[in-house]
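Examining the three-dimensional arrangement
Given next are the chains, with one letter for each unit.
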Amino acid sequence: MNAIIVSAVFGVLMMFASFLVNNKNVYRYLAIIGLSVLLLANILETYAIWSIKFDSFLQLSFERFGLFFNSIAIAATLFYVLLSGKDIVRVGNYSAEYFVLIFFILCGVSLITSYNSLLMLFLGIEIISIPLYILTGSDKKNLKSNEAALKYFLMGAFSTGLMLMGIALSYGAVGNFGLEGRGVVAFGGSMRVSFLEVAGLLLLFISMSFKASAAPFHFWTPDVYEGAPSVFTSFMATIVKATVFIGMIKLLEARTGIFGPTWQIILPLMIVLTLAIGNITAVFQQSVKRMLAYSSIAQAGFMLFALWSANDMGREGILLYSVAYTLATVGIFAVLVKMKDYTFDGFNGLAAKQPLVAASVAVFVLSLAGIPLTAGFFAKYFMLASAIKSGAGVWLLVVAVVFAAVSVYYYFRLIQAMYFKEGEAEMFEQPTNSFKGMLAIFAVLLIVLGIAPSLLFNYLYF
Amino acid sequence: MSITEILFWFLSALALVGALMVVLSRNPVHSVLWLVATFFAISGHYILMNAQFLAIVNIIVYAGAIMVLFLFVIMLMNLNSEAEPRKSWMMQLAGVLAGGCFMMVLVSLVRQTAELGGKTALVKEGNIGLIKQLGMKLFSEYTVPFEISSVLFLSAMVGAVVIGKKD
Amino acid sequence: MSQLVFLVPLFPLIGFLITGLGRNYLSKTATGYIASGSILGAFIVSCLLFSQVYGSGSGQVFTLFHFIQTEGFSIPFAFQVDQLSSLFLLIITGIGFLIHVYSTSYMHEEDAHHFARFFAYMNLFVFSMLLLVLGANYVIMFIGWEGVGLCSYLLIGYWFKNGDYNYAAKKAFIMNRIGDLGFLLAVFWMLAKLGTATYGEVFSQVATLSTFDITAITMLLFVGAMGKSAQIPLYTWLPDAMAGPTPVSALIHAATMVTAGIYMIARSNVLYTLAPFSQGFVAMIGLATAIFAATIALRQNDIKKVLAYSTVSQLGYMFLGLGVGAYTGAVFHVMTHAFFKALLFLGAGSVIHALHHEQDIRKMGGLKKQLPITHITFLLGCIAIAGIPPFSGFFSKDEILMATYAHQPWMYFIAMGGALMTAFYMFRLYSLTFLGSYRGHTDAAHPIHESPLSMTFPLMVLAVLSVVGGFIGIPAVFAENAHWLEHFLAPVFQPSNELVQHTHLDHATEYLLMGISTVLVLIMILLAVKLFGKDDVDVKKDDTGIKKWMANKWYIDELYQAVIIQPLHIFSVLLKNLVEKNIIDGAVNGVGRLVHYGARQFRLIQSGQVGNYLLFMILSIVVFILIWFNDATILRALNNIF
């Protein structure tokens, strides 16, 4: 429970800071300290050294898998603030409040990784969503940001409605909010799952797919990601999205087999649709930011494989995927924020002006494309291998690989622009040395994980 | 037919008609008023189920506070039927079809659910909705969710400040 | 035993990073000290390890981390320190250090950053080679294997402004890659059948495999060895590799990298013992290469080319030794060969340095006065390689030859012929270079003088080693139990020796063969000195007949050009014009157009209207629920289709 409480406490502390202190740098440093403490607290709980305990009447359960993901999410946020902190405080006038919201989101993250009842899941999802609506609209003078926030809010509210309906149906069938559900029971001579429970779970699953931007519930993604301030897009496309997948895995694991043969149709359908829409549409984007939005849909398609496989390898794979995808995307966005022109042409000739930055971006892009020797490769490998283990059809893997190949096209356009085209690649400001250093650390981490992915897992089950 | 049954059907009809009218009314103010009516109908249902506290809270919070706020907002923005954007008939038809399909599958879903057959709502009896029971539950079993929802409200408040305050 | 083993490759790696990254900042002196120092550090640690192995008499495996871990198999990043690898460690780091010291003088004319680039490559090479030798499984070995190939490419093409040198570098790389493919396939085969690539596990489980599997694995491994150790038919890169600076030739193409193939087969001796066909094949290829390269060396006029073909030939002897089961002999020969061939290359480098990059021996002669130290050491090296007792080459070559005789007498006689040719061409080289009178044109501005101490010192050390290095392996005919190396390496080759009982020659036969070979070698030496040591030796006349064929290396390069490269070229042009343009491009462009079309349709859906989005979502939910109602029917239909 450390992560939930400490993040909430730091959220409140940041609120106090916002009216006691009037210095943007202080907010940033305070956030960095807070995240470090949060990380430490979570690690202490992971290794059962120290933890705050309240009797939650089995509504929360803390397992190593979830706690480990907490650490990943918190560490990623810490890296994110270290890298883009200056851009966060610059979005609008409420610098401290942005950090408040980020802390609250982390509270929601730790709820989703540890929920044991649907009520907690709902609270977690909402605690994540509401701050995101606000962060999306935080660039108040920008019409696009406002539009994106409103769209996100409307559709998010709709999906919340679906989720509540799902929980209600499930409650009706089971009689409580428990994660386990009732499963197969006797109905007049035949053994089957209650229709109400399945319908409830289906709606719940759909509303979470919406949050994870899996097709065909992805429509909000490109518009919102493009409209939101880039720093916050980076946050919601990575850490938050990965969290939703963890939530889905927990849910489906607890109610395994409930969909029966339906699962064999719906999930492959969603995977193929997500991969197709994400990749194919990304090909024709001119704006790097919009391309990244579609690419995040495409990456979600790969993460869906973990739901399909539902085995230990899939669980490990999703952790690696979250790390690889988060590091790479946060890194690219951090550079993108500094660019004057968000189109591919805006990156022309970046390699000549900023060799280190361009090289790091190249590594990020290679990792997203899943090229060997980067973490992205092993992430994709784990996803596909775990699916094979669970008996996925070969055609599904072929589709995945083909779309991974398509993704190379649009990812490499960025490399092409940076390295092989002449241009000015103007930036708002020259990147500082610490910024470049952080970027390089991101890139090195990706490569290290690409060479020895077991470094990450060695800390999961030892 | 007993008086409770008559009341039940009346309230159900009122809630459904009210909800439909919320969507169908051209004038936003009318929509809000229909929504208030719906809330009252639902509160009536609560009372039928011996949940007086929920009924009162529903009226005070939803029908009272939130709806009044809605009305103020709508009046301040001077919304009326003319301000509403016209949608093409294609879109309207598609919407009706999609919504109709959705309703159909949900209805058929409930009808398929065998365990609901022959069961009736618990009326006039039961003490779950009583304030004492609610309090006991809320401060024992549901303390943690209850406290955590404060984070949710806090973030909504912060959001309201960030979005709403003048720069 | 200590964890020091990780320091061995770490030192050169650090050296590589410092010299490579700091190449624009470091002075030449600093670069030289860092690069040589890192190798010296590795050498000292190697000595410690060696003494520990020697003291305890057993090897050990150290695991650093899990490199690749999957369901089917796990490949640890582990190092194995045992008798064989610790011996190779000593050779690599010891000779590597001497050559580094030598290079600080030899390369002194280069610009500072090119100078540092050279040493960075050299350190990287030593690092890769150490990885190759230390790895406790075939995968780690393969990393080193590829690494040395890469460094070889970089170093051969060190003077990258010369097109021919680049061509030579590419040739070396491609030939090596052909071999590497074989190696890689062998490793895959192993992983597929045994689920492991770790030496200990492979060797203990290999007996469970079918003969076909073992033969296939060993043959594929040998393809790798052919590429790396320059055996027929993949040897042509090695002579061309002389394009690199001379210390590179000494380090890579004589003392270390080319012996990787020998090391690998000696390491896998159990596999080869279980696959008699492969072993026989190794012996045949080794023998053929030994003779073939020796005939070419007879008529070469470039000082380094002679040594290059000599290396190919000597490697052939080592493979012959492996093929007839004389594993100790082969490793012994690797060691002595490393001493005297490094010595000869460095000596040649010293001559080239003194003559300002003149490599043609027809333009040398009578250098013994100007270059006394080089001369003496070079002579000692020649005697050692020719195989005169009690120089080191005698003992090792003799051991291989004796094992060959015990295996197949006819092979012995052919191999003996090669040994005689070795003596002849080495002393032809020696005579033309150092005896007689100087045939080049003298330049008053640049008088010929002896090289500095940093170059002659390694020569002297290596000369001493070449002379006495053989005493660690005195055959049983001279003194019982004096073969120290055999006892030392016995644990490594024990499984093989248990499987096959080698017939031992009786001492009388052995004495007789040794005596005859020594006498014949002496005659060859005298003949060579008589023919080419004269003051007025005629070097201008063109070769005719078979000599011309030898001088032109039996036209093997031309043969490859005509038989392999030309048809491939024609085939590729055909592919490019027909298949590529019409079929592949057509398909690719077709897919591209399809994607384009799809993207336009998808973008239409992405209208920006929230209402539309919600509509699509609702429809999707309806579809999902409908699927759920009819899942059995849909699945049946799908199964019928697929």
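Residues numbered from 1 in each chain as written. Chains lettered and ligands numbered in written order. Predicted model: local features only at pLDDT ≥ 70, side-chain atom pairs only at ≥ 80, totals over all residues.

**A few points about the overall build of chain A**
Within chain A, the secondary structure is distributed over 18 helices and 2 strands. The 462 residues of chain A split such that 63% are buried. Pairs at least 24 apart in sequence give 81% of the contacts found in chain A among residues at least 6 apart. (Helix = DSSP H or I, 4+ residues; strand = E, 2+ residues; numbered from the N terminus. Buried ≥ 20, exposed ≤ 12 C-beta atoms within 10 Å, placed from the backbone. Contact = placed C-beta atoms within 7 Å.)

**So, helix H1 (residues 2-20) of chain A**
At 3.6 residues per turn, the α-helix brings residues three or four places apart onto the same side. The terminal C-alpha atoms of H1(A), which comprises 19 residues, lie 26 Å apart, in line with the 27 Å expected from a rise of 1.5 Å per residue. Of all the residues in H1(A), the buried ones are Asn2(A), Ala3(A), Ile4(A), Val6(A), Ser7(A), Ala8(A), Phe10(A), Gly11(A), Met14(A) and Ala17(A). The secondary structure elements touched by the buried residues of H1(A) are helix H2 (24-46), helix H3 (64-88) and helix H4 (95-112) of chain A together with helix H6 (143-164) of chain B. (Expected span 1.5 Å × (residues − 1).)

**Here we look at the nonpolar core**
Nonpolar side chains in soluble globular proteins generally cluster together in the buried interior. If you look at the biggest cluster of nonpolar residues, it comprises 205 residues, and the most contacted ones within it are Leu202(A), Phe245(A), Leu304(A), Phe305(A), Ala324(A) and Leu446(A). Per-element accounting of this core gives the leading share, 17 residues, to helix H12 (residues 312-338) of chain A. Not counting residues up to four positions away in its chain, the partners in contact with Leu446(A) are Ala324(A), Leu327(A), Ala328(A), Val363(A), Ser367(A), Thr374(A) and Ala375(A). If you look at the next biggest cluster of nonpolar residues, it comprises 204 residues, including Ala42(C), Phe119(C), Val312(C) and Ala338(C). (Core = buried A, V, L, I, M, F, W, Y, C linked by C-beta atoms within 7 Å.)

**A short note on the environment of Leu17(C)**
Residue and element names in this part refer to chain C. Within the secondary structure, Leu 17 sits in helix H1 (residues 7-21). Given 15 C-beta atoms within a 10 Å radius, Leu 17 is considered partly exposed. Sequence-wise, Leu 17 and Tyr 121 are 104 residues apart; in three dimensions their C-alpha atoms are separated by 10.0 Å.

**Some thoughts on the interface of chain C and chain A**
Of the residues lining the interface, 26 residues belong to chain C; the matching set on chain A comes to 27 residues. For the side of chain C that touches chain A, the secondary-structure elements that each account for two or more residues are strand E1 (60-69), helix H23 (556-605), helix H24 (610-629) and helix H25 (631-641) of chain C. Top contributing element to the side of chain C that touches chain A by residue count: H24(C), with 11 residues. A class-by-class count of the residues in the side of chain C that touches chain A yields 18 nonpolar, 6 polar and 2 charged. (Nonpolar A, V, L, I, M, F, W, Y, C, P; charged D, E, K, R; others polar.)

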